[in-house]
Structures are given as structure tokens and as C-alpha cells.
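Chain and residue survey
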Amino acid sequence: MRIGYGYDVHPLGPGRKLILGGIEIPHDKGLLGHSDSDVLVHAVCDALLGAMGEGDLGRHYPSSDQRYKDISSLTLLADVAAKLKAKGYRVGNIDTVIVAQAPRLGGYLAAMGKRLAETLGIDAGLVNVKVKSGEGLDAVGNEAGMIAHAVCLIESS
């Protein structure tokens, strides 16, 4: 068994769709960045890559590479899943936390977990998605950005 931890942060800004866990969430701002900037998927990718000893998202999909401009983060997650399988591992479980002041995300968490599980080709019961408020503190609390954390367990197939 191996454990991995992932973290991601992106600022919020106008003119972008808000994509979290591969789900479009109605909001007046979206996450800014090179890809679709899905902080949740990025944190999961980093956790899985870390558990495999394969570095991080930027090492495999650098923002300097135009092939990844505006790419769906689910495409990156599917590629990470293929790397996981090629190295002889399977997901034991994934636990995540999104830190966001707004919008309210509780009604979307199950769909996010299901989308992550589908992309990874695993049972939805192996993926847990939680949300915490920024409690009005710092950049997240002032709705300037969002953060996601992920931890995973992988096992030899």
C-alpha cells in the first residue's frame, strides 16, 4: 500500500465556467488557470501521482505546454489512471476536501464523487468529497479563490 497527498489552489475570476470535480457549477466566477483549473481534480491527480512516486501534475502536464490549454482536468485524471494501472496499482480509496466560501456546494458533492470514480474506473463508494467554508478568512473567505486537498491509498493490483 502507498499513500499520496494532493493540494491545489486557483484564483476565481469572471469570464470562466466554474468546474469542480468535473461538474459545471452555476456561479458568476470560474477558476482561473491554464487548464479548466478544476482544483479538486488537480488535487486528486497530485495525490495519485505522489502515491506512485511520480512527482506532480506540473511535471506531467506543464502549463508551458499548449496541448493542455483549457483541457478538461478529467482528461488528465484519466491519463493518471492509466499510469496507475500501468505501474500495477489500483485505488484503495480517495478522500477530498474543497475549501470554498461560495457558491454552496453541498448539493453537488455526490455528483463530483461519482464523476471522479467514473473517470478512474472505480466504485463511487471509494471516493469521498467534502466541502468546508472559508469562514470569511483570507483569500478563500473573501471569495478570491478555492483550495482542494486530497489523500489517497493505492494498492498493488
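Note that this is a predicted model, so its numbers are computed, not measured.

Each value, and the rule that gives it
Residues numbered from 1 in each chain as written. Predicted model: local features only at pLDDT ≥ 70, side-chain atom pairs only at ≥ 80, totals over all residues. Heavy atoms only, no water. Helix = DSSP H or I, 4+ residues; strand = E, 2+ residues; numbered from the N terminus. Buried < 20%, exposed > 50% of the residue type's maximum accessible area, 1.4 Å probe, protein only. Polar contact = N/O pair within 3.5 Å; in protein donor to acceptor, adjacent residues only side chain to side chain. UniProt positions renumbered as here; feature names shortened; annotations may be inferred. Contact = heavy atoms within 4.5 Å.

Attention shifts here to the environment of E118. Mapped onto the fold, E118 is located in helix α4 (residues 109-120). Sequence separation between E118 and A82 is 36 residues, and the spatial gap between their C-alpha atoms is 13 Å.

Let us now look at the environment of G58. As for its placement among the helices and strands, G58 is situated in helix α2 (residues 57-60). Spatially, the C-alpha atoms of G58 and D46 are 9.0 Å apart, while their sequence positions differ by 12 residues.

Turning next to the side chain of H42. Assignment of secondary structure puts H42 in helix α1 (residues 39-52). We classify H42 as buried; its relative accessible area is 6%. Within the structure, H42 has its side chain in polar contact with the side chain of S35 (distance 3.2 Å).

Another aspect to go through is the UniProt feature "binding site: a divalent metal cation" (unreviewed entry) in the protein. Under the present numbering, the feature "binding site: a divalent metal cation" (unreviewed entry) in UniProt falls on D8, H10 and H42. For the residues just named, distributed over 35 residues, the greatest C-alpha separation is only 10.2 Å, placing them together at one site. Of note, D8 is situated in strand β1 (residues 2-13). The buried category is assigned to D8, whose relative accessible area is 15%. Setting aside its immediate chain neighbours within four residues, D8 contacts V39, H42, A43, M146, I147 and A148. Setting aside residues no more than four positions away along its own chain, H42 makes contact with D8, H10, S35, D36, S37, L57 and S73.

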